[in-house]
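# A look at the structure
Here is how the chains run, residue by residue.
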Amino acid sequence: MVEWWDLTYRFFSFSDAAVRLVVAGTMLLGAAAGGLGTFVYLQKRSLVGDALAHAALPGVGLAFLILGEKQFLPLVVGAAVTAWLGGLAVDAVTRYTRLKLDAALGMVLSVFFGFGILILTHIQKGGYADQSGLAHFIFGKAAAMSPGDVTAIGVITLLLAVTLMVGFRHFKLVVFDPGFAASLGLPIRIWQFALTTLVVMAVTIGLQAVGVVLIAALLITPAAAARQWTDRLAPMIGLATAFGSLSGLLGAYISFLAPALPTGPWVVVVVSSIFAVSLLLAPNRGIVWRLLEFWGHRRKVSRDHILKALYRHGMDRGNWTDYYPRRAIAELWSFRPGELRSALGQLVANGSLERSGDMFRLTSAGIASGERITRLHRLWEVYLSRYLDLPSDHLHRDAEAMEHVISPELEAQLTDLLEHPTHDPHAQPIPYERAKGEAKDQAS
Amino acid sequence: MASSPPIEVHDLTVAYRQKPVLWNVDFSLPEGELIGLVGPNGAGKSTLLKAIMGFLPLLSGYVRVYGKPFEQQRQFIGYVPQRESVDWDFPVSVLDVVNMGRFGHLPLIGGLKRTDKERARAALDQVGLADLAGRQISQLSGGQQQRVFLARALAQDATIYLMDEPFAGVDARTERAIVDLLKQLKADGKTVLAVHHDLHTVQEYFDWVMLLNLRLVRLGPTTEIFTEENLRVTYGGKLAILAEAAESLTRRTEV
């Protein structure tokens, strides 16, 4: 425990030069990949990023063979060149053959990666002096970054950020609606080419820290997580950048605590966790949120059924003054265990029901609600029979579902469209707001 | 400029991957008319619009806008692509999309000015969506999405509008709104060429009609051109040979 605290303190005080280097490298990389990945994600070209990354591997090996030594920039340039060739190969295959994008990606990815492994194996067995560490480009090793490497990553990240900011409007338009962009005279092939070049750059600077196999996760996952939280492009890029760099930081930290595990995979684990949390918890789009909405709706349906049934009972008797025992209400509708109790509780709390011991009756507000639900049900039946020509025995079930979801605006439209019908297809009267006054008289 | 037609197409032939989809199309559009572009599926209607704007390589022919090449005259053209051509889940607001109509008026670098934003707002108001400016575009109905595209084209302040199926899959209310908008455009002296699918409404909505099926069948005032005989020629089976020739040409020349 003490050791854990010590390590944590040593890490986050950033007093250790090696820690500073790794943290700076992985955070910059996470930011660059996350921000750019937003466009890759929105272009629905996620797998293209993966293919580009794998296609970078032979470039690393070839650059080493040509130079005979390991230097960051030449290796990155080599990686960029073959990644680029991979991208062109994907384009060419989809354009000039009948093969689809998925087949082209699969081919390019495996062919280039296989070729890369071939070259690296040759180098390892070839007795080159400076070759140790080249294998890190496959799975990445953040600790292998030198100050020069991190500086290069920083410069490239800055370049990417400036390009994205200056061209933001154009990138947005070209990715959203290339046809319209072309009609304005934007050279869309050039802008798409520029975007691919930026992606290639982000991928190649990440090779040493994260490796060709995992870098695609850093490109796509932050964007996918960010999309859960926002409906606007600029905040989405900002969030993806933040998620990316946070993953870089935490990945480096976890790897610092347990040095046996390399940084790159940890970065990917962290970014995936951020994605999982976003998938579950984000408002509107998150799974938990949608479940809550679903449960909320189900509770509303139970409440509506109680209101509607008590309203109709009152209609039949001509008044709503009687209290009903819980047992009688339980038989109105097939309630799930516990559902009746909570529905009754909510109705008392929102002022629709009055309670006396274990007996309940509608308040004037409750009568109005019950009337509205009945009205919506019958209006919808009129609509279905009139506009969809459904026979009368097919109407009830559909109206049963719709009565809970029709908004006041839709209700108004529906009433106008149907010209205030007085009876539903089963010859039952459709109650309009007139009952409100009567209800008040009886309740008093 | 007044003497040159808004759009003149001369002997235009277009091919997708060696397969010709438009043959020797030749016409001049009249200024200030609503022109419906009608023809069966696969007749090359969208292709014609795209060819006019230079998206596709031409095997032969040329396009003139007010007597000059299209590239010099872009500012006169407003474009409404097919609604399905974009991803409506894209993270932008309604106003963001309409603002894109102003991009053609901006320098390469730099953002929207106040006048641009006012113009975009006005266009949104014109299609009756001012209240929805801040909505994310996936939260709109199909008809509202179509009106967003129209508002974007209006914000372009063009004199010629090319519309790809503006009436496809819209509700009755949007259909009426689009019809009113077309009338307004005509009253303002604009020229509109719109791909249209519903033969029942052609006479009601368009003053002129262009019948197309791989080649230009007829172009003229709706009252003269929109006849049963001409429709039969456009939609009839007479073109089987041309289609077959195109198919065999493709097979032989495709890699």
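Just so we're clear, the structure is a prediction, and the values are computed from it rather than from any experiment.

What counts and how
- Residues numbered from 1 in each chain as written.
- Chains lettered and ligands numbered in written order.
- Predicted model: local features only at pLDDT ≥ 70, side-chain atom pairs only at ≥ 80, totals over all residues.
- Heavy atoms only, no water.
- Helix = DSSP H or I, 4+ residues; strand = E, 2+ residues; numbered from the N terminus.
- Contact = heavy atoms within 4.5 Å.
- Areas by Shrake-Rupley, 256 points an atom, 1.4 Å probe, with all protein chains shown as cover.
- Lys, Arg positive; Asp, Glu negative; His and termini not counted.
- Charge placed at Lys NZ, Arg CZ, Asp CG, Glu CD.
- 1 Å grid on protein atoms, 1.4 Å probe; cavity = no way out; pocket = protein on both sides within 12 Å on 5 of 7 lines; lining within 4 Å.
- Points joined across faces, edges and corners; volume = space filled by probe spheres on them.
- Nonpolar A, V, L, I, M, F, W, Y, C, P; charged D, E, K, R; others polar.
- Phe/Tyr/Trp six-rings, centres within 6.5 Å; stacked < 30°, edge-to-face > 60°.
- Buried < 20%, exposed > 50% of the residue type's maximum accessible area, 1.4 Å probe, protein only.
- Lys NZ or Arg CZ within 6 Å of the ring centre and 35° of its normal.
- Pairing = 2+ DSSP bridges.
- Axes fitted to C-alpha atoms, helices over the stretch in contact; angles between N-to-C directions.
- Domains from an automatic or database assignment.
- Buried area = accessible area lost by both parts, 1.4 Å probe.
- Salt bridge = Lys/Arg side-chain N within 4 Å of Asp/Glu carboxyl O.
- Parallel < 35°, antiparallel > 145°, perpendicular 65-115°, else oblique.
- Left-handed = near helix turned anticlockwise from the far one by under 90°.
- Polar contact = N/O pair within 3.5 Å; in protein donor to acceptor, adjacent residues only side chain to side chain.
- Expected span 1.5 Å × (residues − 1).

### Quick word on the overall build of chain B
- For chain B, the count of helices and strands is 9 helices and 10 strands.
- Its C-alpha atoms put chain B at 55 × 40 × 40 Å along the principal axes.
- A separation threshold of at least 6 residues defines the contact pool for chain B, and within that pool the share at least 24 residues apart is 70%.
- Entry remark: accessible area of chain B is about 11300 Å², with carbon and sulfur atoms responsible for 50%.
- Charge centroids of chain B, computed over 28 positive and 30 negative side chains, lie 3 Å from each other.

### Observations concerning the layout of surface pockets
- Space inside the largest pocket adds up to approximately 1700 Å³.
- Secondary structure elements with two or more residues in the lining of the largest pocket: α3 (46–55), α5 (72–96), α9 (168–176), α10 (178–183) and α11 (188–210) of chain A together with β1 (7–16) of chain B.
- Broken down by element, the lining of the largest pocket gets its largest block of residues, 10 residues, from α5 of chain A.
- Here the residues of the lining of the largest pocket sort into 25 nonpolar, 11 polar and 9 charged.
- If you add up the space inside the second largest pocket, you get close to 520 Å³.
- Forming the boundary of the second largest pocket are 20 residues, of which L410 and Q413 of chain A together with R147, D171 and R173 of chain B lie nearest the centre.
- Residue assignment for the lining of the second largest pocket shows that the elements contributing at least two residues are α18 (364–387) and α20 (408–418) of chain A together with α4 (142–155) and α5 (172–187) of chain B.

### Quick look at the packing of aromatic side chains
- Within the structure shown, the criterion is met by 18 aromatic pairs over all chains.
- When the ring of F11 of chain A is compared with that of F12 of chain A, the centres are 4.9 Å apart and the planes differ by 80°; the resulting orientation is edge-to-face.
- The partly exposed category is assigned to F12 of chain A, whose relative accessible area is 36%.
- Note on F39 of chain A and F171 of chain A: the rings are 5.8 Å apart at their centroids and 55° apart in plane angle, and the pair reads as tilted. Here F39 of chain A is found in helix α2 (residues 17–42), whereas its partner F171 of chain A is found in helix α9, with 132 residues between them in sequence. Comparing F39 of chain A with F171 of chain A, the two get one shared label, buried.
- Connected via pairs of aromatic rings, a cluster forms that spans F11, F12, F14, Y253 and F256 of chain A.
- Over the face of the ring belonging to F103 of chain B we find R169 of chain A, whose NZ or CZ atom lies 4.9 Å from the ring centre.

### What to know about the sheet that holds strand β5 (residues 68–69) of chain B
Residue and element names in this part refer to chain B.
- Sheet architecture is open: 4 strands sit in the order β2-β1-β4-β5, paired in antiparallel fashion. Bordering the open sheet on either side are β2 (19–28) and β5, each of which pairs with just one other strand.
- Pairing of β1 with β2, which is carried by 6 bridges, proceeds in the antiparallel orientation. Bridging across to β2, A15 finds its partner in P20.
- Contacting β1, β2 and β4 (58–65), helix α1 (residues 45–52) runs over the sheet at an angle of about 115° to β1.

### Describing the domain arrangement of chain A
- As far as domains go, chain A holds domain 1 (16–263) and domain 2 (291–443).
- Using C-alpha coordinates to define each centre, domain 1 of chain A is positioned 58 Å away from domain 2 of chain A.

### Structural notes on the interface of chain B and chain A
- Facing 37 residues of chain B, the contacting portion of chain A comprises 28 residues.
- Approximately 2700 Å² of surface area, both sides summed, lies buried where chain B meets chain A, with 58% of it carried by carbon and sulfur atoms.
- Taken as a group, F90, P91 and F103 of chain B account for 24% of the area that chain B buries against chain A, more than any other trio of residues on that side.
- Our count for the contact surface shared by chain B and chain A stands at 5 salt bridges.
- The partner of K172 of chain A in a salt bridge is D96 of chain B, and the shortest N-O contact between them spans 4.0 Å.
- Those elements giving two or more residues to the side of chain B that touches chain A turn out to be α2 (94–99) and α4 of chain B.

### Details of the packing of helix α4 (residues 57–67) of chain A against helix α6 (residues 101–125) of chain A
Residues and elements named next belong to chain A.
- Contact pair α4 / α6: the axes reach a minimum separation of 7 Å and the direction vectors enclose 30°. One finds that α4 runs roughly parallel with respect to α6. With respect to the hand of their crossing, α4 and α6 are arranged in left-handed fashion. For the pair formed by α4 and α6, the contact residues are L57, P58, G61, L62, F64 and L65 on the first element and F112, F113, F115, G116, I117, I119, L120, H122 and I123 on the second.
- Partitioned by chemical class, the residues of the contact of α4 with α6 number 12 nonpolar, 3 polar and no charged.

### Some thoughts on the side chain of R102 of chain B
Residue and element names in this part refer to chain B.
- Summarising the element assignment, R102 is placed in the loop between α2 and α3 (114–126).
- Using a relative accessible area of 9% as the deciding quantity, one classes R102 as buried.
- Looking at R102, its side chain comes within polar contact range of the main-chain oxygen of A155, at 2.7 Å.
- R102 has contacts with L112, D116, R119, A155, Q156 and D157, leaving out every residue within four places of it along the chain.

### Some details on α18 of chain A
- In a regular helix each residue adds 1.5 Å, so 24 residues correspond to 34 Å; α18 of chain A covers 34 Å between its end C-alpha atoms and thus fits that length.
- With its phi angle positive at about 60°, D389 of chain A sits one or two positions after the end of α18 of chain A.

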